[in-house]
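Reading the structure
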Amino acid sequence: MDRPGALAGLNRRILEAYSRRTTDRLRAALPLRVALPHLEPLLARNIAKETQKDALVIRRAGATLAGGGQPDRDALSGLLDATKDIDRAFLEQVGTLPIRIVIPYHEIAPIRMQRIECLFAATCRILGAWGTERGLRAAVQESYPRAELERLLGDLLRLYAVETRVLSRSVQLPALLVPVRERIAQSLYEIMSDVARRLAGELTVAVFSKIPSRRAS
């Protein structure tokens, strides 16, 4: 069984649920409702980008664990560099949209590295606990106490929200929206943070529930 692939698939479903819930909240919020035609295509492509990055980290962590090695700073820095290749493909895609983005790596790199380190360590911990006859859910239960798992999920989603806030500040919006750019970025972050907290709680309940819960939506 491709266990890193299964974990990456679960991560993708979590991020997609996070994105859907965030977009639903944005549609009801001002001034974000005004900016949504410019933000929604960006957010959709951004979540696909982040899913790719996370899968890269998860698979690298799985390979490191299988090889009996330990992550070092150079290996994690290499992952950070690899995410920039995914960024370049993302920028080519959004180049077809009526917006322009310059990624401020001096701000984003420390946030992204923190998320890479957190996800790498969590992956090693979960895959290391995944016994031959047990599934992913049991491995997560064995790896993390309930409160710690909720905190981990909340931290991973919050770091994504922080990076998105920085990215949203770099979007070249139409002149009409430029005066409210900071307000848009802050409102987006507040919504994403609230959705992250709620989703982390729901996912934790689902993991530790005796009755299997429906997939996050």
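Quantities reported herein were computed from a predicted structural model and do not represent experimental measurements.

Examining the overall build of the chain
- Scanning the chain for helices and strands turns up 7 helices and 2 strands.
- What you see in the chain, going N to C, is helices and strands ordered as α-α-α-β-α-α-α-β-α.
- Counting across all 217 residues of the chain, residues that qualify as buried make up 49%.
- Considering only contacts within the chain whose residues lie at least 6 apart along the sequence, 80% involve residues at least 24 apart.
- Total accessible area on the chain stands at roughly 11000 Å², and carbon and sulfur atoms take up 54% of it.

Here we look at the pattern of salt bridges
- Counted by the stated rule, this structure contains 19 salt bridges.
- Here Asp-54 makes a salt bridge to Arg-115, at a shortest N to O gap of 2.7 Å. Residue Asp-54 is found in helix 2 (residues 32–66), and its partner Arg-115 is found in helix 4 (residues 105–129); the two are separated by 61 residues along the sequence.
- The exposure class assigned to Asp-54 is buried, which follows from its relative accessible area of 3%.
- A salt bridge links Asp-194 to Arg-198, with the nearest nitrogen and oxygen atoms 2.9 Å apart. In this pair, Asp-194 and Arg-198 both sit in helix 7 (residues 181–208), 4 residues apart, roughly one turn of the helix.
- For Asp-194, a relative accessible area of 17% corresponds to the buried category.
- Under the relative-accessibility criterion, Arg-198 is labelled partly exposed at 47%.

Overview of the confidence of the model for the chain
- For the chain, per-residue confidence averages 85 on the pLDDT scale, and 83% of positions sit at 70 or higher.
- Between the elements of the chain, mean pLDDT differs from a low of 67, seen in strand 2 (residues 171–172), to a high of 95, seen in helix 4.

Description of the packing of aromatic side chains
- The final tally for this structure, using the stated rule, is 1 aromatic pair.
- The side chain of Lys-84 reaches across the aromatic face of Tyr-105, ending 4.9 Å from its centre.

Parameters and conventions
Residues numbered from 1 in each chain as written. Predicted model: local features only at pLDDT ≥ 70, side-chain atom pairs only at ≥ 80, totals over all residues. Heavy atoms only, no water. Helix = DSSP H or I, 4+ residues; strand = E, 2+ residues; numbered from the N terminus. Buried < 20%, exposed > 50% of the residue type's maximum accessible area, 1.4 Å probe, protein only. Contact = heavy atoms within 4.5 Å. Areas by Shrake-Rupley, 256 points an atom, 1.4 Å probe, with all protein chains shown as cover. Salt bridge = Lys/Arg side-chain N within 4 Å of Asp/Glu carboxyl O. pLDDT = per-residue confidence, 0-100. Phe/Tyr/Trp six-rings, centres within 6.5 Å; stacked < 30°, edge-to-face > 60°. Lys NZ or Arg CZ within 6 Å of the ring centre and 35° of its normal.

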